[in-house]
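Summary of the model geometry
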Amino acid sequence: MGTGKTDGEGFVLVQIRWTGSESLEGVQVKATKKDYAPSVVKGLNVTGALGASAQNQMVTMAANRAMMDPSWTAVPNINVTFTLPDGTTPLDISNAGAIPFQAHVTSDKYWDVMYAGVDYVPWAGVRDGSANDANIKNVTFDLSFAGKNGTVPVHFVVYDQNRARLDLVYFANITNAAAPVTASASPTGLYLVSWTSDANVQYYVDPRDESPLVDRSGKMLRAPLVSTNAKRGAPDGCNIFVQIAWTAPAAGDAPIGYNIYRSETSATTGFRKIAFRSVTNGFDSGYGLEPGKTSWYKVRSVYADGTESADSNIMELVPLDIFQVELITPAHGAVNVSQTPVFSWKPVKQGTSETAQVGMGVTPEASIIYDSLLWIYDCVHNDQQHICVDVATAGGFKTYGPKIISIPFLSGTYYDEVDEETYDLTWIEIPEGQGAVLYPYSGLEAYKSYEWGMDYAAATYIRPPDVNGGFYIAFSVSVDLGYGYDRWNNDAENYNGFTTGKDLPVTVSKGRGE
């Protein structure tokens, strides 16, 4: 019926060749790419008269690099039947009320993971049901049309072990007999947190925890162990992930949930639903997000009769670009290095030596905080002891904008231009399996091999709250070995190895003998 090729941003407009005036049902869209497993959306309804006045219909798809064999063209095959909650009485969803129901999914082969979503495309972060046991061929989901009215899509997204993907869509006609809402109210205080990260993660891994990531002041909380690989629009080798949170309305009838909308067009047009949530936070898979390009979000309360409130505050978001860290001195492979070397590094554009510009010319670099911390690894000790600055004396080395950081080893002070404070640095060593102790020598030991690199390196932009209480935080994370900047463990790209010479007398400054 029609074909097309995606552009550099992953978009394609397929002009369907159809001479009839009626709607098309059961339309299939298949995406293929070299070295990628196929992705199929099956069961779409193209509504309205198909002619010169027809409106474009947005279809969002995910394509993943093949895990087993890129030559395999097969996609998962599943069958879905619907029943009442008793599990046996058939339900005709073409004429269903707004009641709980069961969806019974069967397959002729084992799948890797499956998601179910009513009225949106589900994924790891937002779904009404999931089955990620790779040793099953069937599952039953308890679902509901509560709060829905009219034509409602029901999506079943399944991946096989090769990462081939099928999004099977059914359409239900819903008449909601719930009593009409008497007083609706909008959510307030919508805020956003985005991560641009180069951690190697998979899109469809089932989340283990969906607790909020930040509190209302923006303070970081424990990061849930959810994974995503929102490749579409993100830089090569990276992903963009967004958390959305808001405050429930304090007045009016109690909503049963909330619809989340996003637009890549403007603050007033182009919005489409990306998720339904029964709690006051959710996630965006990242499709269509790009560093330096603005998207807009809003949330509406949803009531039992299927009606919505007016919009919440509308919040824009501009994700940051990714960056890497260039380790300057001591250089990799350097020998006869001073026992009190100067460690210097700078943020750079991915794969280059050019200074990083994660704001992409949209978010001012001078408003972006770059924060990093170096660690030194003693390569001779068989107990892997580490040497670093005690973060209790300085929270890291922070600058406004991307700048070269130079820290002389055992330097006594560091001026933090973000905190506008001079910190007295305390250098410590952490023997493997032991607690931290003060570094006992007046310099690195002579004629020894060391490695050094970043323990974390991140850029942060915080947009101040607007008059409606909305704000966003944008992170770009290059390295994070457990400091809470990233949602995942984000390993360093490189370490520099070097060997010291001897330029200091043999001394032990803090009482430890050899």
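Here is a short report on the structure shown in this document. Nothing here was measured: the structure is a model prediction, and the numbers come from that model.

A few points about the packing of aromatic side chains
- Across all of its chains, the model carries 29 aromatic pairs by this definition.
- Ring geometry for Phe409 versus Trp427: centroids 4.9 Å apart, planes at 75°, classification edge-to-face. In this pair, Phe409 is assigned in the loop between strand E24 (405-408) and strand E25 (413-416) and Trp427 in strand E27 (residues 427-430), connecting sequence segments 18 residues apart. As far as burial versus exposure is concerned, Phe409 and Trp427 are alike and both buried.
- Counting every residue linked through ring pairs, the aromatic cluster contains Phe343, Trp345, Phe397, Phe409, Tyr414, Trp427, Tyr439, Tyr441, Tyr450, Trp452 and Phe498.
- Residue placement shows Lys137 over the ring face of Tyr110; its charged tip is 4.9 Å from the ring centre.
- Geometry around Phe276 places Lys148 over its ring, the cationic atom sitting 4.1 Å from the centre.

Section: the side chain of Asp167
- By secondary structure assignment, the location of Asp167 is in strand E10 (residues 165-175).
- Arg165 provides the closest opposite charge to the buried, unpaired Asp167, separated from it by 4.5 Å.
- Within the structure, Asp167 has its side chain in polar contact with the side chain of His155 (distance 3.0 Å).
- Non-local contacts of Asp167, meaning those with residues more than four positions away in its chain, are made with Val40, Val41, Lys42, Val121, His155, Phe156 and Val157.

Regarding the pattern of salt bridges
- In total, this model carries 15 salt bridges according to the counting rule given.
- Where Lys349 meets Glu354, a salt bridge forms, and the shortest distance between an N and an O atom there is 3.4 Å.
- The partly exposed category is assigned to Lys349, whose relative accessible area is 35%.
- Between Asp416 and Lys398 there is a salt bridge, with its nearest N and O atoms 2.8 Å apart. With a gap of 18 residues between them, Asp416 in strand E25 and Lys398 in strand E23 (residues 397-400) connect regions that are remote in the sequence. For the pair shown, Asp416 and Lys398 are each scored as buried.
- Within this structure, Lys298, Arg300, Glu308 and Asp311 form a network of salt bridges that share partners.

Conventions adopted
Residues numbered from 1 in each chain as written. Predicted model: local features only at pLDDT ≥ 70, side-chain atom pairs only at ≥ 80, totals over all residues. Heavy atoms only, no water. Phe/Tyr/Trp six-rings, centres within 6.5 Å; stacked < 30°, edge-to-face > 60°. Helix = DSSP H or I, 4+ residues; strand = E, 2+ residues; numbered from the N terminus. Buried < 20%, exposed > 50% of the residue type's maximum accessible area, 1.4 Å probe, protein only. Lys NZ or Arg CZ within 6 Å of the ring centre and 35° of its normal. Lys, Arg positive; Asp, Glu negative; His and termini not counted. Salt bridge = Lys/Arg side-chain N within 4 Å of Asp/Glu carboxyl O. Polar contact = N/O pair within 3.5 Å; in protein donor to acceptor, adjacent residues only side chain to side chain. Contact = heavy atoms within 4.5 Å.

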